[in-house]
Amino acid sequence: MQNTDHVAEALQVVERQDAHLRAEITLWWNRYGAEYGGTDRHKILAQANISNWIGKFLFAHILQSKDSRAQAVSHITTATTPTEALDIFDRLSQDCNFWTIFSGSIGLDILPAQAWDQIQQFNKLLTNINIGAIEQSQLSGILEATVEVAVRKLRGQYPTPPTLASLLVELCLNDIASDRILDPCCGSGTIPRAALERKLSAGVAPEQAAASVFAGDRDHQAIQIATFAMTKPDLMDIPLRIFPKDAFSLTPDTKLQFRHPKTGVLFSEQAGQFDAIASNLPFVAQEGRKQYGDAIAQVASSLPSNMPGLPKKADIAAYLPFTLHSLLVEGGRLGIIITNAWLGTAWGDAFYALLNHYYDLKYVITSGAGRWFQTSKVVVNLLIMEKKDNAKNVETAIDFIVLKRPLEELSDAEAIRIAASQIQLGQTQDETMTIRSVSRDTIERFRAYGLGRTAQFVDCDWVLDLPLVPVRNFFDIRRGARRGWEKMFFPTKGHNIESGYIRPVIRSSKEITRYETAANSDAFCCSRSLDALERDGHTGALNWIRRFQNGVNEKGKPLVESLATKGMYWYEMSADALADLVMPIDFGDRLFVARLSPPDFAGQRFTCFDARNGIDVSLCHALLNSAISLFMIEGMGFGRGEGVLDLSKDRIENFMHILNPTLLNAAQAERIKTAFAPLLQRDLREVADELEESDRQHFDDTVFDVFGLDVTRERVYESLISLIGIRQAAKQ
Ligand SMILES: C[S@@+](CC[C@H](N)C(=O)[O-])C[C@H]1O[C@@H](n2cnc3c(N)ncnc32)[C@H](O)[C@@H]1O
């Protein structure tokens, strides 16, 4: 890989001279760039190509021991050009399969002499050590190591941990021998490899095992690595079912082509239906959506018209279960790894409803012991569902499972089978996991409170007996001021703007140390024309505006245009809306609803509560900070990789409830406010510490007592601590 820079430069030079290559690289990057976790397309292509060459030589040498035709590789020397070498590999793939490894790829022939020389030294080394004669077990090791390096170097973002892949396969396969299983987005092939190994370890004949494990990916490079991952020395003369295809294009009628390694004969198989589909679905950020436009539109149009469709913000992965539906037999299992954002977002609501239409969701599994993907910040869930058998239509409960042990502790096959068995039977036998089985009707009741998913990982049935009302009955709920260019609207100290144009604002939860707080950052709020400022000699404000007048935003658009708003100057921000209460949209280790006293101006990182006339704000403030409300806040959102709770203003507006203050008489309201008063006099604490404070316990006891609640304070605390613990574990 030390040749990466040279190869990248060579690619750049040829790209400048060759429109065809230019177009190829442009489209390749547009399509697959997001998968590689880097920004320099030439460097990444260079790495991919070097790895591709190494793969070709290594594989051809290994193949030699099985197939003499592969000896052609030994005839490649420094005297051979890369283009000639590619011809030799092409012939090899015609003769003995492994097209996925031997075929050409974008710019593969563009190698400076030095890089080609080193690859030839590697080729010579492989000839000298006669790698084909190495013992099979060691060969497996070499193949594995190659995959590992390729994945680390090239596809570092979201490789599936092998343990998770094995667990997924274990939970999806019913008849180990005969089930046909597919991973349509196989990446480096971890999941199909686990499926193949599971079949072989159960004594299934290699021919039958290979014929029943299918792996597809639209990225050719992923396919090459997956071929390495799935190839075993004793499987080399058996055709593997690996194919380069877009998952959105697959139907049971799709013809998949393979080549038989022994005879070199091409054969095709109809995709047909699978007994199981298991996949770690692509993580495509919003910017990557464009290229999926048609596919998404097609899936969207196939969804039932009487149900809410998937909103624009939905991940690409959210569409795949519906496109894969026709590829699954009735009663067949679909197991997916998907971002946990579905637990606490509006798209998650629609996704859940649609899943229930097509599938019988059986298990929702999350980690309670650190992130499963160590190389990226995404937190994922494993969802296992069965395609609905419309004739039967029995809906079972959904099991919400928290794995309490880190994946490394489940690394041997037996431990994985024991874990999977506990999940299958809904019986916990040790400390490995907690399982909460919840009926669909019960989940439906929780949905009204926005607690139908995240909260279900812990005991929360007590919520259903509480006297709750929507918060929106008492407050108008809105997002804090969002005006587009923070640097201008929220100047840092030393800005020299005249005080008349500065308003206090609360900008970040870090500024909040107590339940009651005041806005004390600066906001630039100027509603006067430049001429008026000039006339009055207000040079502070003028200079401030001029600093940004020629500026551009992240997309290169002039600020004067990007900030243009009807009826306002481009530099104007209104600070008229004053909030009584604020809640961060990204809670950390503290949970609270802060009161702005007096009501004040808040920035975009807050959800703002504006009290309607006649509302007892002090009482509502206290109730919103009771342990019950804190649990509901935690349960409505989802935890991000940094341990932050993601909770949008919309969810609060749509779902947030509090204990009904209108049920209380004046004396009861007073008791609660009095019990809350000491909390206002001290700093906020992280949740675990907060719940240890005696004034907090007394306050919650008072709330429980006044409302005559059946649930104990300890039980609510336990639920809250467990739920926040799952979120915080993701930081590890
Ligand atoms: C999260 S990765 C899978 C990781 C894989 N299990 C592993 O261990 O490497 C998702 C894969 O989906 C592939 N992909 C994205 N969109 C696809 C599509 N429309 N059809 C097929 N594959 C797709 C990407 O190329 C990527 O390899």
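Structure first, text after, so check above.
Residues numbered from 1 in each chain as written. Predicted model: local features only at pLDDT ≥ 70, side-chain atom pairs only at ≥ 80, totals over all residues.

A. View of the overall build of the protein. Along the protein, the regular secondary structure elements total 27 helices and 23 strands. The C-alpha radius of gyration computed for the protein amounts to 30 Å, which stays within 12% of the reference 27 Å derived for 732 residues, consistent with globular compactness. In the protein, which comprises 732 residues, the proportion classed as buried is 44%. (Helix = DSSP H or I, 4+ residues; strand = E, 2+ residues; numbered from the N terminus. Rg over C-alpha atoms; globule rule 2.2 N^0.38 Å. Buried ≥ 20, exposed ≤ 12 C-beta atoms within 10 Å, placed from the backbone.)

B. Looking closely at the packing of helix α3 (residues 41-64) against helix α6 (residues 113-128). Direction vectors running N to C along α3 and α6 enclose 20°, while the axes themselves pass 10 Å from each other. Here α6 runs roughly parallel to α3, going by the angle between their axes. For the element pair α3 and α6, the recorded crossing hand is right-handed. Contacts from Ile50, Trp53, Ile54, Phe57, Leu58 and His61 in α3 reach Ala115, Ile119, Phe122, Asn123 and Leu126 in α6. Looking at the contact of α3 with α6 residue by residue, the classes come out as nine nonpolar, two polar and no charged. (Axes fitted to C-alpha atoms, helices over the stretch in contact; angles between N-to-C directions. Parallel < 35°, antiparallel > 145°, perpendicular 65-115°, else oblique. Left-handed = near helix turned anticlockwise from the far one by under 90°. Contact = placed C-beta atoms within 7 Å. Nonpolar A, V, L, I, M, F, W, Y, C, P; charged D, E, K, R; others polar.)

C. Here's a closer look at the site of the ligand. The full set close to the ligand counts 22 residues, and Cys185, Gly187, Ser188, Ala247 and Pro282 are the nearest of them. Considering only residue class, the shell around the ligand consists of 11 nonpolar, five polar and six charged. (Near = placed C-beta within 6 Å.)

D. Spotlight on helix α22 (residues 627-636). Of all 10 residues that make up α22, 10 are buried, and the element is covered over most of its length. Taken together, the buried positions of α22 are occupied by Ala627, Ile628, Ser629, Leu630, Phe631, Met632, Ile633, Glu634, Gly635 and Met636. Buried residues along α22 sit against α21 (617-624), β22 (645-646), α23 (649-655), β23 (657-659), α26 (694-707) and α27 (713-729).

E. Fine view of the sheet that holds strand β9 (residues 380-387). On the basis of which strands lie adjacent, the open sheet formed by nine strands has the order β3-β2-β1-β6-β7-β9-β8-β10-β11 and mixed pairing. Because the sheet does not close on itself, it has two edges, and the strands there are β3 (241-244) and β11 (433-438). In this sheet, neighbouring strand axes are inclined to one another by 15° on average, regardless of whether the strands run parallel or antiparallel. Of the strand pairs in this sheet, strand β6 (residues 274-280) and strand β7 (residues 328-339) are connected by six bridges, and their pairing is parallel. Looking at the pairing, serine 279 lines up with isoleucine 336 of β7. Set on the sheet, helix α8 (residues 162-172) makes contact with β1 (181-183), β6, β7, β8 (359-367) and β9; between it and β7 the angle comes to about 160°. Strands in contact with helix α11 (residues 220-230) are β2 (213-217) and β3; relative to β3, the strand with the most contacts, it is inclined by about 170°. (Pairing = 2+ DSSP bridges.)

F. Quick look at the packing of helix α24 (residues 666-680) against α26. At a minimum axis separation of 8 Å, α24 and α26 run at an interaxial angle of 165°. As summarised for this structure, α24 and α26 are arranged roughly antiparallel, according to the angle between their axes. The interaxial crossing formed by α24 with α26 has left-handed handedness. Contacts from Gln668, Arg671, Ile672, Ala675, Phe676, Pro678 and Leu679 of α24 reach α26 at Asp695, Arg696, His698, Phe699, Thr702, Val703 and Val706.

G. The sheet that holds β22, seen in detail. Across the sheet, which stays open at both edges, the three strands sit in the order β18-β22-β21 with antiparallel pairing between neighbours. Single-partner strands in this sheet number two, and they are β18 (586-587) and β21 (638-639). The pairing of β18 with β22 spans two bridges and is antiparallel. Note on β22: the bridge partner recorded for aspartate 586 is aspartate 646.

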